[in-house]
Amino acid sequence: MTRSQKAPAARPAAQAPAPAARPQRPSGFAQYKTLLGKDLRQEFRTKEMLVSMGIYAVLVIVVYGVALSFARPGGEFLEVSGGLLWALVVFTSLLGLGRSFAAEKENGCIEGLLLAPLDRGVVFLAKATSNLVFLLVVEVIAVPLFWFFFSSFAHPGASAPLMVAPLVVGSVGIAGVGTLLSTITANTRGKDVMLALLFVPVIFPLLYACVSATTAALVGGDALADVFGMSLALAAGYDVIMILASWVLYDFVVS
Amino acid sequence: MTKKTTKLPETGQWPDRVAPAVLVAGALLTTVGFLMAFLVVPPVGGAAVGGAELIGGSLISNKLLISQKIFFFHMPVAMVSFCALAFAAYYCVWFLVTREQRFDTCAKIAMEISLLFVVMTMITGEMWTRFEWGVWWTWEPRLTTYLVLMLIVIAYLVLRNMIDEPERRATFSAVIGIIAFVDVPICFMVTRLIPSSIHPVVVREGGMSPEMGLCVGVIMAGMLCVGFALYRLRFRQVRLEQRVEAVKELLED
Amino acid sequence: MDAAIEVRGLTKQFGGRRAVDDVSFALPRGAFLSVFGPNGAGKTTLLRMLATLTRPSAGDIRVGGVDAKEEPDAVRASVGLISHSAMLYPDLTAEENLLFYARLYGVPDPERRVLELLDAVGLRHRRLDRVRTFSRGMTQRVSIARALVNDPAVVLLDEPYSGLDPHAVEIFDELIGSVRAERTFVMVSHDLEKGRALADHVMVMARGRVVRFARADELDAEEFRALYRSTVGTGVA
């Protein structure tokens, strides 16, 4: 056992650099970019979350295939498909959200972040953004795949590309609220169940509006004119209110 | 009611002294409303059934009558449950501001009361749906909203069980309480405003007759009293438990 | 005189429980304080409050003359924490981890600073390897570099020895010795010998209260041992 009796004289390579170079607190935006870059780099290196979300999405589609194997193809399928698509998105995002905070907890990294002179709102925004990016990447793969497998059932109307709008608006809301909820549930027992239990009811209004808008886009015609704009506006309203609330409340959740 | 910013809610304060009386008053008012609903208030246009009729394969003489009467309970109960949620959210905010455990306790109990009334709302709502529309469940805006409300309240209470550390539990559940309070009205708006192509949009009664309004008002007052009294009684129980625990801990030291 | 750390009436309570109860002390610049006490004495809570990770219920903390309640970010900028969890992302390399923290703190010329630190902890040759592949001791060395990335005036150590083998402990002590100059240390440890060897100030806590706060050279070794045994011993049993 070494007993270096408080000997500051023994000083090898490590020299304290001149205290004149006190760190300047960087702007919130710079910190946001640093945090986001860290999340993206980590994920694109391991691809843990993306791969598991992608595989999960494919599996859900396979289950749909079984569930619908005795259904008669036809126009009615379009009315259901919007909902099916959103069920796919919700379950896949649940999986991703559950993991997004696990990485921060694993080595106590979240404390490392909180030690830095860093606005907690920035942490929230960065985490929400990275969740959004992962969710959108998975959707870009999963949605065409969904139509690849089910194109024999029905052909969506000409207005189908419009469903990109509810997908984006919905994903923003899911990422925002999901970030708050997954931060909470990362600290509880039974994380994944707890996340689902909180996530589904809280996200319900957004889901309802997004399914409505997506279905309208797929069916086209009168439904499009009647419902699409209103649903999308409500979904966007939900996003604004809930993300604002999550952003404000995030401070309490992390400290 | 129990809010005093300078003083923490505690057992033995004035609300506890009036709580039993309020409970009795609430029970009385509700009973009066109940009797009124059946004896005084005339059924709204055409809701009465003349004699027994065969409906849906069974002999029913008062189907619409009952659905009318249920409404007198359904609405007040639903209002009280939302009131309780609002109170819970109020205490959640206070908790986050002051970090005082008492407010956490208050919020938790308000949530429990809310759950109680939400369940009653769901039961009366189911009955109404069954009698009026012939199905047990439909995704009608109010029903849907209350289902979501019930799920969130349950999630809130489950969450409390999933966290051991008291301060963390209080903070997290306070956040969820506030989110619930923000979420539920949005849910109602969204389900209400988006026209559903699959289910008929139910247009509710155009307005209430004065007798009906009075009756609903009486029952509402009664239910509010009951809710408040239950809240105080439960609060007393929980607080006494907490104090016993504190004394025990002190003795252990 | 300006103390590096000044704590007055610090209390952390929730409900009836007081994790930290009316703690006051002042620590001069360059001091090394070891905090001892049984489990649940409030040592870690105290440290977390100093690190601004936990909000005190009452009382003041001043780090380098700056009030932690009024300017938490200024305090955070001048504090580093080494605990048993490394706070490193296992799938990023050592260099990426340090760069990440350096940018978060806004360290000028982060690349150069990170290389300096890696030199100091003797891991420059492993800088492009993922932290996941490191041994516990090496991870802890990177963790020290991480805590020093903002050149903190105050370094907090929370059970830094847990999980380290004797060799790693040796290196750890050497490293701490090498960065002692000008910095103020507060360490929470179960290791009585280690804690005593490094420290020039000693504090014993029990049930959230300060039982004894003294300079190490004023304290008789035997007396201290007896005190330690009576508080820590009874507290555990």
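Residues numbered from 1 in each chain as written. Chains lettered and ligands numbered in written order. Predicted model: local features only at pLDDT ≥ 70, side-chain atom pairs only at ≥ 80, totals over all residues. Heavy atoms only, no water.

> For the packing of helix 3 (residues 94–105) of chain C against helix 4 (residues 110–120) of chain C, give the residues involved together with the corresponding values.
Residues and elements named next belong to chain C. One way to put it is that helix 3 packs onto helix 4 with a least axis distance of 9 Å and a crossing angle of 130°. Classified by the angle between their axes, helix 3 and helix 4 sit oblique to one another. The handedness of the crossing between helix 3 and helix 4 is right-handed. Counted together, A94, E95, L98, L99, A102 and R103 of helix 3 and P110, E111, V114, L115 and L118 of helix 4 form the full contact between these two elements. Looking at the contact of helix 3 with helix 4 residue by residue, the classes come out as 8 nonpolar, no polar and 3 charged. (Axes fitted to C-alpha atoms, helices over the stretch in contact; angles between N-to-C directions. Helix = DSSP H or I, 4+ residues; strand = E, 2+ residues; numbered from the N terminus. Parallel < 35°, antiparallel > 145°, perpendicular 65-115°, else oblique. Left-handed = near helix turned anticlockwise from the far one by under 90°. Contact = heavy atoms within 4.5 Å. Nonpolar A, V, L, I, M, F, W, Y, C, P; charged D, E, K, R; others polar.)

> An account of the side chain of E96(C) is needed here, citing residue identities and associated values.
In this fold, E96(C) is placed in helix 3. For E96(C), a relative accessible area of 16% gives the class buried. With residues near it in sequence (within four places) discarded, E96(C) still touches R41(A) and R45(A). (Buried < 20%, exposed > 50% of the residue type's maximum accessible area, 1.4 Å probe, protein only.)

> How would you sum up unusual backbone geometry? Please name residues and give values.
In this structure, R99(B) is a non-glycine residue whose phi angle is positive, near 60°. Along the chain, the position of R99(B) falls in the loop between helix 2 (63–98) and helix 3 (101–133). Phi angles above zero are rare outside glycine, and D151(C) is one such case at about 50°. Relative accessible area serves as the criterion here: at 12%, D151(C) is assigned to the buried category.

> Let's hear about a nonpolar patch on the surface: which residues, and what values?
All names here are of chain A. Judged by side-chain polarity, L125, L244, W247 and V248 come together as a nonpolar surface patch covering roughly 370 Å² of accessible area. For the nonpolar patch, the element with the most residues is helix 9 (residues 222–254), which contributes 3 residues. Relative to the assigned elements, W247 resides in helix 9. Looking at W247, the relative accessible area reads 39%, which means it is partly exposed. (Patch = residues over 30% accessible without salt bridge, like charges linked within 9 Å, V, L, I, M, F, W, Y side chains within 5 Å. Areas by Shrake-Rupley, 256 points an atom, 1.4 Å probe, with all protein chains shown as cover. Salt bridge = Lys/Arg side-chain N within 4 Å of Asp/Glu carboxyl O.)

> Talk me through empty space enclosed by the protein; I want residue IDs and the actual numbers.
Residues and elements named next belong to chain A. Under the defined criterion, the tally for this structure stands at 7 cavities of 30 Å³ or more. Space inside the largest cavity adds up to approximately 60 Å³. Lining the largest cavity are M49, M53, S93, G96, L97, N131, L132, F134, L135, I174 and A175. At the level of secondary structure, the elements contributing two or more residues to the lining of the largest cavity comprise helix 2 (48–67), helix 3 (76–100), helix 6 (120–150) and helix 7 (164–185). With 4 residues, helix 6 is the largest single contributor of residues to the lining of the largest cavity. (1 Å grid on protein atoms, 1.4 Å probe; cavity = no way out; pocket = protein on both sides within 12 Å on 5 of 7 lines; lining within 4 Å. Points joined across faces, edges and corners; volume = space filled by probe spheres on them.)

These figures capture arrangement, not role.
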